[in-house]
Amino acid sequence: MGRTVVVLGGGISGLSASYHLSRAPNPPKVVLVEGSKHLGGWIRSIRGPGGAIFELGPRGIRPAGALGARTLLMFLLFPRTCGEQVSELGLDSEVLPVRGDHPAAQNRFLYVGGALHALPSGIRGLLRPSPPFSKPLFWAGLRELTTSRGKDPDETVHSFAERRLGPEVASLAMDSLCRGVFAGNSRELSVRSCFPSLFQAEQTHRSILLGLLLGAGRSSQPDSVLLRQARAERWSQWSLREGLEMLPQALNTHLTNRGVTILRGQPVCGLSLQAEGYWKVSLGDSCLEADHVISALPASVLSKLLPAEAAPLACVLSTISAVSVAVVNLQYRGAHLPVQGFGHLVPSSEDPGILGIVYDSVAFPEQDGSPPGLRVTVMLGGSWLQTLEASGCVLSQELFQKQAQEAAATQLGLKEPPSHCLVHLHRNCIPQYTLGHWKKLESATHFLAAHRLPLTLAGASYQGVAVNDCIESGRQAAAQALGSEIDS
């Protein structure tokens, strides 16, 4: 009888793991277990009035680098040995690219001192004063090139940026970036885990700038007609015509056709390791047996399911926390933005509650509906939301809508009431890689290896929160479960 692999969690990481398991030359029996009725995790697309698309989670995927290339290939075009390319998921015609010459690719802003400021780009932008920075960023670059290598095995993002680039870049740019990517605090997040390319650049080349310059383009990447087009047109990101949820929907259909069993609405109650070496996965009134388990659940959730003999692992996983984010989608009729770009971020010193605003209509006007209406998404979270949660305040939709509309009015001049509004609070949605996160991963890996547990960890809790990172974690988890390398 063949092996059975049970994948816990039907987010994009679990779907990716199931996909790669199912494509193995001699695939095991694959059972994907999702506690809710929805597949795709935080990827969720809603069709609004007039056909407008509203993203409740991620809204674009970056094609850059090896991971971005693998994602584009995995979901869209699949090269075959005889040379032709086949679209297994049928999504290649649905791609909406943001090309390099587009305003959404070129322009990003910070909201500081009650005004929007374009982030400088190009040599000219680095050589002249660019508010909100008090002097040209050339001087921050010069400081970076002359700063010695750090000696600590890890450092907070703020400390790292302040040491290498100066206090202004740290408190404005890196603070905002951490809020935009992780909804987190740059004074708590780990540079080694949150921005490993920056950390490795300093360790290898003593300089971020030299490291990124000398290391660019060295990694081998897959190739296809679509990837060559993406590189030639310098895509900054891409989405799908009906929203990113088309990805998990297409994967659901594809996996079902390949014989993968998908159980929805089946929350896992516990895991127990039997004397014979297999797992018993408890699902309320029923249970599954598995030769190997891939967990794409949040680390803190998995920690509560592990058996007593895995208590040290559970203890480590329980310390990987996550923060909540409120997403408010707004649409305005007859309105116009004061600037054109991807969106803007807000440093914590300016507004602790508003993380940033994405200008959805600029990047993907095809999703504006008919008649078209201006779409923006306001992200709320950070210390403001943590303080509200800790105080026992009722986190109502009315509160988030009020805060979002005030931010859109103040920061973008959108003073008229929106024609459509969606409010969603995503609880514990973004893991926080705090200082020393790498030690937690090292400890978990060592425990699994030492005890030879047939368990593999995947998902956003470990080595990246972006869609590409999660898809790659699923691919690597499948390879580990299979005990071999798999095609990208």
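Residues numbered from 1 in each chain as written. Predicted model: local features only at pLDDT ≥ 70, side-chain atom pairs only at ≥ 80, totals over all residues. Heavy atoms only, no water.

A closer look at the packing of helix 5 (residues 138-146) against helix 6 (residues 157-165)
What describes two packed helices is the angle between their axes and the distance between those same axes.
Right, so step 1: Their axes nearest at 7 Å, the elements helix 5 and helix 6 cross at an angle of 95°. Considering the angle they form, helix 5 stands roughly perpendicular to helix 6. The segment helix 5 lies against helix 6, with A140, R143 and E144 engaging E162, R163, R164 and L165.
Right, so step 2: Of the residues contributing to the contact of helix 5 with helix 6, the split by class is 2 nonpolar, no polar and 5 charged. (Axes fitted to C-alpha atoms, helices over the stretch in contact; angles between N-to-C directions. Helix = DSSP H or I, 4+ residues; strand = E, 2+ residues; numbered from the N terminus. Parallel < 35°, antiparallel > 145°, perpendicular 65-115°, else oblique. Contact = heavy atoms within 4.5 Å. Nonpolar A, V, L, I, M, F, W, Y, C, P; charged D, E, K, R; others polar.)

Concerning the nonpolar core
Grouped burial of nonpolar side chains is what soluble globular proteins tend to show.
Right, so step 1: The biggest cluster of nonpolar side chains holds 41 residues, and the ones touching the most others in it are V7, L21 and I294.
Right, so step 2: Residue contributions to this core peak at 6 residues, all from helix 19 (residues 467-482).
Right, so step 3: Other than its neighbours up to four places away in sequence, V7 contacts G14, A17, S18, L21, V30, V31, L32, V33 and I294.
Right, so step 4: Y111, Y332, I357 and L374 belong to the second largest nonpolar core, which has 32 residues in total. (Core = buried A, V, L, I, M, F, W, Y, C linked by side-chain atoms within 4.5 Å. Buried < 20%, exposed > 50% of the residue type's maximum accessible area, 1.4 Å probe, protein only.)

Remarks on the environment of P63
Right, so step 1: Considering the arrangement of structural elements, one finds P63 in the loop between strand 4 (53-55) and helix 2 (65-75).
Right, so step 2: Residue contacts for P63: discarding those within four places in its chain leaves G68, A69, L72, W235, S236, Q237 and W238.

A word on a nonpolar patch on the surface
Right, so step 1: On the surface, I123, L126, L127, F138, W139 and L142 cluster together to form a nonpolar patch covering roughly 590 Å² of accessible area.
Right, so step 2: With respect to the helices and strands, I123 occurs in helix 4 (residues 122-127).
Right, so step 3: Relative accessible area serves as the criterion here: at 63%, I123 is assigned to the exposed category. (Patch = residues over 30% accessible without salt bridge, like charges linked within 9 Å, V, L, I, M, F, W, Y side chains within 5 Å. Areas by Shrake-Rupley, 256 points an atom, 1.4 Å probe, with all protein chains shown as cover. Salt bridge = Lys/Arg side-chain N within 4 Å of Asp/Glu carboxyl O.)

Notes on helix 1 (residues 12-22)
Right, so step 1: Counting buried positions along helix 1 gives 11 out of 11 residues, so the element sits mostly inside the fold.
Right, so step 2: For helix 1, the set of buried residues is I12, S13, G14, L15, S16, A17, S18, Y19, H20, L21 and S22.

Structural notes on the packing of aromatic side chains
Right, so step 1: Using the criterion set out here, one finds 5 aromatic pairs in the structure.
Right, so step 2: Both rings, one in F138 and one in W139, keep their centres 5.2 Å apart while their planes meet at 75°; by these two values the pair is edge-to-face.
Right, so step 3: Of the residues examined, F138 reaches a relative accessible area of 38% and is grouped as partly exposed.
Right, so step 4: Aromatic side chains W384 and F400 sit 6.3 Å apart centroid to centroid with 75° between the ring planes, which places their arrangement in the edge-to-face category. On the criterion of sequence distance, the pair formed by W384 in helix 16 (residues 382-390) and F400 in helix 17 (residues 397-412) is long-range, its members being 16 residues apart. Taken as a pair, W384 and F400 share a single burial class, namely buried.
Right, so step 5: Seen from the ring of F342, R108 lies directly overhead, with NZ or CZ sitting 4.6 Å from the centre.
Right, so step 6: A cation over an aromatic ring shows up here: R192 above the ring of W438, its NZ or CZ 3.8 Å from the ring centre. (Phe/Tyr/Trp six-rings, centres within 6.5 Å; stacked < 30°, edge-to-face > 60°. Lys NZ or Arg CZ within 6 Å of the ring centre and 35° of its normal.)

Some thoughts on the pattern of salt bridges
Right, so step 1: Taken as a whole and assessed by the stated rule, the structure comprises 13 salt bridges.
Right, so step 2: Between R241 and E94 there is a salt bridge, with its nearest N and O atoms 4.0 Å apart. Here the residue R241 occupies a position in the loop between strand 10 (237-240) and helix 12 (246-257), and E94 occupies one in the loop between strand 6 (85-86) and strand 7 (95-98), the gap between them amounting to 147 residues.
Right, so step 3: Relative accessible area serves as the criterion here: at 35%, R241 is assigned to the partly exposed category.
Right, so step 4: For the salt bridge of D368 with R375, the shortest nitrogen-to-oxygen distance reads 2.7 Å.
Right, so step 5: Using a relative accessible area of 3% as the deciding quantity, one classes R375 as buried.

Focus: the pairing of strand 15 (residues 292-295)
Right, so step 1: Every second residue of strand 15 is oriented toward a common face, with H292 and I294 on one face and V293 and S295 on the other, all of them buried.
Right, so step 2: When strand 1 (residues 4-8) meets strand 15, the two strands line up parallel, connected through 4 bridges. By the bridge assignment, V6 is partnered in strand 15 with V293.
Right, so step 3: Across 3 bridges, the pairing between strand 15 and strand 21 (residues 455-457) is parallel. Across the sheet, the residue bridging to S295 is L457, located in strand 21. (Pairing = 2+ DSSP bridges.)

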